[in-house]
Amino acid sequence: MSGKPNKIFLATLPTPLIPLKRTLRESEINIWVKRDDLTGSAESGNKIRKLEFLCADALQKNSDVLISCGGEQSNHCRAVAIVARRLGMDVHLVLRRTGEGPTGNWLLDIILGATFRWVTAKQYEHHDEIMEEEAQKLRQQGKNPYIIPEGGSNSLGVWGYFTAAEEIITQCRENNFIPDYVIVASGSGATYAGLWTGFGKLNVPTKIIGITAGPDIQQQKEHISKITSEFIQKYDFDIQHNPDEITLIDGFWGKGYGVMDEELTKFISQFAQNEGIILDPTYTGKAFKGAFEMIGQGKFNHAKNIVLVHTGGIYGLFPKGQYFRELYYSGARVK
């Protein structure tokens, strides 16, 4: 076993675990929200837990530039940019152009002085190779770059939610229950992988469910299986790893990754007005909506307690403002 890796303290932890009071109140299931949107302010969200380990590795290797990649409104890239500046590093981002303009996450990247390489959706399919090209350019300039993979999703990034699993179960026990399910939005996969391995190590009967944020479900399963295997082998954990147990739910990503529609707009608005919790349009909005639909359909009737993980992403709402403006002035808002 190579031992637990070093970490630096970036997130405000533990984040709260709170019960929902008005949403699905007719249900006999207790629904809880793990508020990982409260891990920080501008650096809030699930990515910061992974960056505690990834950036510790970068510092240990005396890196002076962080490189990562994502969409124009990437929550992950925004978190990387903020953490880089907190640590006195430069930041260089490979971004997939979406044309939403300087608002939301990208606006924060600009304020933080990140540098960019812009690529098309087709070019982005080779983002790992492109990041390595950018790293090589920086090395030729005398820099020592550190590449953080998309979403922080590698075996080291898995540690973020492997350790979060113990935080969650401790809070659940303080509230006198063990969750039947933990449900989380699944994108690049390390959050799911960390929870899956973490709860497996704790030996509790909780099932981890990921609701996909896009149509690449098979690719997600393969990546989760890969980084989980690497994590278990590298750190010599006695955890049974059966890829068939990876549970990803498809069909709730709507018109595409990061794409809004009227139905999702109404859901996010209604949830905010019922609970005072703001969801994002790419991950938690779709995941929570999917979870509530499945609960309403009786998919979890035997369950007593379900934990929904709020992975943050509030800044992704700003480029979608027109949807909410139109809903508001249509008179369709919740009274």
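Nothing here was measured: the structure is a model prediction, and the numbers come from that model.

**Structural notes on the pairing of strand E7 (residues 181-186)**
Here is step 1 of the chain: In terms of burial, E7 is largely enclosed, as 6 of its 6 residues are buried.
Here is step 2 of the chain: Examined bridge by bridge, E7 and strand E8 (residues 207-212) share 6 bridges and lie parallel to one another. Residue Tyr-181 lies in a different strand from E8, and its bridge partner there is Lys-207.
Here is step 3 of the chain: Here 3 bridges tie E7 to strand E10 (residues 305-310), and the two strands are oriented parallel to one another. Bridge assignment links Ile-183 to a residue of E10, and that residue is Leu-308.

**Regarding the sheet that holds strand E3 (residues 65-71)**
Here is step 1 of the chain: Taken together, 4 strands build an open sheet; the order of strands is E5-E4-E3-E6 and the sheet is parallel. Of all the strands in the sheet, just strand E5 (115-119) and strand E6 (145-147) have a single pairing partner and so form its edges. Recorded for the sheet is a direction-independent mean angle of 25 degrees between the axes of neighbouring strands.
Here is step 2 of the chain: With 3 bridges connecting them, E3 and E6 associate as parallel partners. Each residue of the ladder has a partner; that of Leu-66, found in E6, is Tyr-146.
Here is step 3 of the chain: Its contacts with the sheet put helix H5 (residues 127-140) on E3, strand E4 (90-96), E5 and E6, and the angle it makes with E3 is roughly 150 degrees.

**Let's talk about the sheet that holds strand E9 (residues 247-249)**
Here is step 1 of the chain: Strand order in the open sheet made by the 6 strands is E1-E2-E10-E7-E8-E9, with mixed pairing throughout. The strands lining the two open edges of the sheet, one partner per strand, are strand E1 (17-19) and E9. The mean angle between the axes of side-by-side strands here comes to 30 degrees, regardless of whether they run parallel or antiparallel.
Here is step 2 of the chain: Across the sheet, helix H7 (residues 190-202) lies against E7, E8, E9 and E10, angled at about 170 degrees from E8, the strand it touches most.

**Quick word on a negative patch on the surface**
Here is step 1 of the chain: On the surface, Asp-128, Glu-129, Glu-150 and Asp-216 cluster together to form a negatively charged patch.
Here is step 2 of the chain: Taking the relative accessible area as the measure of exposure, Asp-128 reaches 45% and is therefore partly exposed.

**Re the nonpolar core**
Here is step 1 of the chain: Ranked by size, the top nonpolar core spans 60 residues in total, and within it Leu-51, Leu-66, Leu-195 and Phe-199 carry the most contacts.
Here is step 2 of the chain: Secondary structure elements with two or more residues in this core: helix H1 (47-60), helix H2 (75-86), E4, helix H6 (159-174), E7, H7, helix H8 (217-234) and E10.
Here is step 3 of the chain: Considering each element in turn, this core owes the most residues, 8 residues, to H6.
Here is step 4 of the chain: If we skip the residues at most four places from it in the chain, Leu-66 touches Cys-55, Ala-58, Val-80, Ala-84, Met-89, Asp-90, Val-91, His-92, Tyr-146 and Ile-148.
Here is step 5 of the chain: Residues Leu-264, Ile-277, Met-294 and Ile-306 belong to the second largest nonpolar core, which totals 32 residues.

**With respect to unusual backbone geometry**
Here is step 1 of the chain: A cis amide bond links Leu-13 with the next residue in sequence, Pro-14, at an omega value of -5 degrees.
Here is step 2 of the chain: Turning to its location among the elements, Pro-14 is positioned in the segment before E1.
Here is step 3 of the chain: With a phi close to 65 degrees, Asn-176 is a non-glycine residue in the positive phi region.
Here is step 4 of the chain: Topologically, Asn-176 is positioned in the loop between H6 and E7.
Here is step 5 of the chain: Given a relative accessible area of 73%, Asn-176 falls into the exposed group.
Here is step 6 of the chain: Residues other than glycine seldom take positive phi values, yet Asp-236 does so here, at roughly 55 degrees.
Here is step 7 of the chain: Within the secondary structure, Asp-236 is located in the loop between H8 and E9.
Here is step 8 of the chain: By relative accessible area, which is 51% here, Asp-236 ends up exposed.

**Here we look at the state of the cysteines**
Here is step 1 of the chain: Throughout the structure, instances matching the rule amount to 0 disulfides.
Here is step 2 of the chain: The closest cysteine sulfur to the non-disulfide-bonded Cys-69 is located on Cys-77, 6.2 Å from its own sulfur.
Here is step 3 of the chain: Take Cys-69: its relative accessible area is 1%, and that puts it in the buried class.
Here is step 4 of the chain: The exposure class of Cys-77 is buried, given its relative accessible area of 0%.

The rules behind each value
- Residues numbered from 1 in each chain as written.
- Predicted model: local features only at pLDDT ≥ 70, side-chain atom pairs only at ≥ 80, totals over all residues.
- Heavy atoms only, no water.
- Buried < 20%, exposed > 50% of the residue type's maximum accessible area, 1.4 Å probe, protein only.
- Helix = DSSP H or I, 4+ residues; strand = E, 2+ residues; numbered from the N terminus.
- Pairing = 2+ DSSP bridges.
- Axes fitted to C-alpha atoms, helices over the stretch in contact; angles between N-to-C directions.
- Contact = heavy atoms within 4.5 Å.
- Patch = residues over 30% accessible without salt bridge, like charges linked within 9 Å, V, L, I, M, F, W, Y side chains within 5 Å.
- Areas by Shrake-Rupley, 256 points an atom, 1.4 Å probe, with all protein chains shown as cover.
- Salt bridge = Lys/Arg side-chain N within 4 Å of Asp/Glu carboxyl O.
- Lys, Arg positive; Asp, Glu negative; His and termini not counted.
- Charge placed at Lys NZ, Arg CZ, Asp CG, Glu CD.
- Core = buried A, V, L, I, M, F, W, Y, C linked by side-chain atoms within 4.5 Å.
- Disulfide = S-S within 2.5 Å.

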